[in-house]
Amino acid sequence: MSSLSFEEKLQNYAELAVKIGLGLWAGQRLLVRAPVESAPLVRLIAASAYKAGAKLVDVMWNDDAVTLARFNYAPRDSFEEFPTWQADALIKIANEGGAVLSIHATDPDLLKEQDPDLVALVQRVGQTHLIPFRRKVMSDELNWSIISLPIASWAAKVFPGLPPEEQIVSLWEAIFAVCRIDQPDPVTAWQQHVAELSARKDYLNAKRYTTLKFTAPGTDLTLGLPDHHIWHGAQSQTPAGITFIANVPTEEVFTLPHKDRANGVVSSTKPLSYGGVLIEDFSLTFAEGRVVKVTAKKGEAVLKKLVETDEGSARLGEVALVPHSSPISQSGLLFYNTLFDENASNHVAIGRAYRFCVAGGPAMSDEEFAAAGGNDSLAHVDFMIGSAAMDVDGITSEGVSEPIMRAGEWAF
Ligand code: ZN
Ligand code: ZN
């Protein structure tokens, strides 16, 4: 158990977000997107950012209750409305060399009673307005990072057996642990962790596998990799040279699969919290890159709508490897929050690929990126497929199969 007080850990968390997550440079502006419950943390982040030389820290607040009020009472024909000033602010800060921190926390069941058509519509409208900003994010044109914090509804979902007053405390402890905040020197712990992920990524980049094969109960999937794919892990860099970590925590090394070369079936190993709805026990069947069959025990309608968003949402844009022994997996917790759950498990993402996963990708036209095997879509939704029962193999250009993972652990 760590001897730090809660206040000290919160302070460390704020500093980790600013220094390691964003890698904030003096003279940058910072925009924070945050739930109203996070105000105490945001105040510490603002102080830490100003001490690091931030020119201006601005906050864009959001609130589950306000979102739910809209679904409950807004006119049914009003769901195309969008606060365009938010999209404008994001693009402006990116264009002016600023940084964006998102604090993501939401009730996983917030919209479970709502019409799946409206849930899908709100997702699509938001994604459409954010295309120009997402484009910059997908190319690492700015330093950006996502962290999280407990809110009551979410903590209750993760710790249903605990009394309410202990739920938030327990979720904080879990987040501090998987973010290495309770270690004596979190910054050094992160530097070590980044170096380990970098070594995995370098090995995979040197291998130049043409195909990955995933085998587990309910999964028999092959994914072709584009010729010029690049594996990434932990740390990213902007064109200006700012190094940042886009997700805190992060345990993955990832690249893009070829958009036309996914074949076979893949089954989820954890529920997917998507747009306020939980999708559970689902599987997707692929032929030549495209989803041809969708089944889910729960949330099937929402999953089908997600896959039908556009042409690219029926294809994959990310494949990520995470050992089953990752701290998040070892916590044994299901977080109902992709930021954590994706870092417990091998995963793939429906939808658009990161441009920087192909050599020269950020400078390519849309047509060139597609020709290189890169997928594009309004959607990018990770879902978890890994387990202690999963084997992963890489096929070399000579057709030789080599073990990458055995029983959920690195095999090299
Ligand atoms: Zn991922
Ligand atoms: Zn992803």
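Since the structure is predicted, the reported quantities are computational estimates derived from the model, not experimental observations.

Rules used in this analysis
- Residues numbered from 1 in each chain as written.
- Chains lettered and ligands numbered in written order.
- Predicted model: local features only at pLDDT ≥ 70, side-chain atom pairs only at ≥ 80, totals over all residues.
- Heavy atoms only, no water.
- Helix = DSSP H or I, 4+ residues; strand = E, 2+ residues; numbered from the N terminus.
- Rg over C-alpha atoms; globule rule 2.2 N^0.38 Å.
- Buried < 20%, exposed > 50% of the residue type's maximum accessible area, 1.4 Å probe, protein only.
- Areas by Shrake-Rupley, 256 points an atom, 1.4 Å probe, with all protein chains shown as cover.
- Lys, Arg positive; Asp, Glu negative; His and termini not counted.
- Charge placed at Lys NZ, Arg CZ, Asp CG, Glu CD.
- Donors = N, O, S within 2.8 Å, 3.2 Å for Na, K, Ca; no water.
- Tetrahedral: all angles 85-135°; square planar, octahedral: opposite > 155°, others 65-115°.
- Axes fitted to C-alpha atoms, helices over the stretch in contact; angles between N-to-C directions.
- Left-handed = near helix turned anticlockwise from the far one by under 90°.
- Contact = heavy atoms within 4.5 Å.
- Nonpolar A, V, L, I, M, F, W, Y, C, P; charged D, E, K, R; others polar.
- Salt bridge = Lys/Arg side-chain N within 4 Å of Asp/Glu carboxyl O.
- Polar contact = N/O pair within 3.5 Å; in protein donor to acceptor, adjacent residues only side chain to side chain.
- Pairing = 2+ DSSP bridges.

Caption draft 1: Local environment of the overall build of the protein. Regarding its fold elements, the protein presents 13 helices and 20 strands. Its C-alpha atoms give the protein a radius of gyration of 20 Å, within 12% of the compact-globule value 22 Å for 412 residues. Here the protein holds 412 residues, and the buried ones make up 56% of them. In the form shown here, the protein has an accessible surface area of approximately 16,800 Å², with 53% of it arising from carbon and sulfur atoms. Charge-centre separation for the protein: the mean point of 35 positive side chains lies 2 Å from the mean point of 51 negative side chains.

Caption draft 2: How the structure looks around the coordination of the zinc ion (ligand 2). Only Glu-318 (OE), His-380 (NE2), Asp-382 (OD) and Asp-382 (OD) from the protein coordinate the zinc ion (ligand 2), and they sit 2.1 to 2.4 Å from it. Coordination at the zinc ion (ligand 2) is irregular, judged from the 4 donor atoms that bind it and the angles of 56 to 138° they form at the metal. Sequence positions of the donors to the zinc ion (ligand 2) reduce to the motif E-x61-H-x1-D. Separating the zinc ion (ligand 2) from the zinc ion (ligand 1) is a gap of 3.5 Å, which Glu-318 spans by donating to each of them. Taken together, the positions of Glu-318 in strand S15 (residues 316–321) and His-380 in strand S17 (residues 380–384) put the pair 62 residues apart, joining distant regions of the chain. For the pair formed by Glu-318 and His-380, the shared burial category is buried.

Caption draft 3: Molecular detail of the packing of helix H5 (residues 116–129) against helix H10 (residues 300–307). Following both chains from N to C, one finds H5 and H10 inclined at 35°, their axes separated by 10 Å at the closest point. Where H5 crosses over H10, the two elements pack in a sense that is right-handed. For the pair H5 and H10, the contacting residues are Pro-116, Asp-117 and Ala-120 in the first and Ala-301, Val-302 and Lys-305 in the second. Residue composition of the contact of H5 with H10, by class: 4 nonpolar, no polar and 2 charged.

Caption draft 4: Broad picture of the coordination of the zinc ion (ligand 1). Here the zinc ion (ligand 1) is held by Glu-252 (OE), Glu-318 (OE), Glu-342 (OE) and His-347 (NE2), and the distances to it run 2.0 to 2.5 Å. Bound by 4 donor atoms, the zinc ion (ligand 1) shows angles of 75 to 143° at the metal and therefore irregular coordination geometry. Mapping the donors of the zinc ion (ligand 1) onto the primary sequence gives the spacing E-x65-E-x23-E-x4-H.

Caption draft 5: Geometry of the side chain of Asp-341. Tracing the backbone shows Asp-341 in helix H12 (residues 338–341). For Asp-341, which is buried and forms no salt bridge, the nearest opposite charge comes from Lys-270, at a distance of 4.7 Å. Polar side-chain contacts of Asp-341 include one of 2.9 Å to the backbone nitrogen of Phe-335. Setting aside residues no more than four positions away along its own chain, Asp-341 makes contact with Lys-270, Leu-333, Leu-334, Phe-335, Tyr-336 and Met-384.

Caption draft 6: Just the sheet that holds strand S7 (residues 232–233), in detail. Across the sheet, 5 strands lie side by side as S7-S10-S15-S16-S17; this open sheet has antiparallel pairing. In this open sheet, the two strands that pair with only one neighbour each are S7 and S17. The sheet contact formed by strand S10 (residues 253–255) and S15 spans 3 bridges and is antiparallel. Each bridged residue has a counterpart across the sheet, and for Phe-254 the counterpart in S15 is Ala-320. Sheet contacts for helix H9 (residues 186–207): S7, S10 and S15; angle to S10, the most-contacted strand, approximately 35°.

Note that every value here comes from positions in space, so none of it alone points to a role or purpose.
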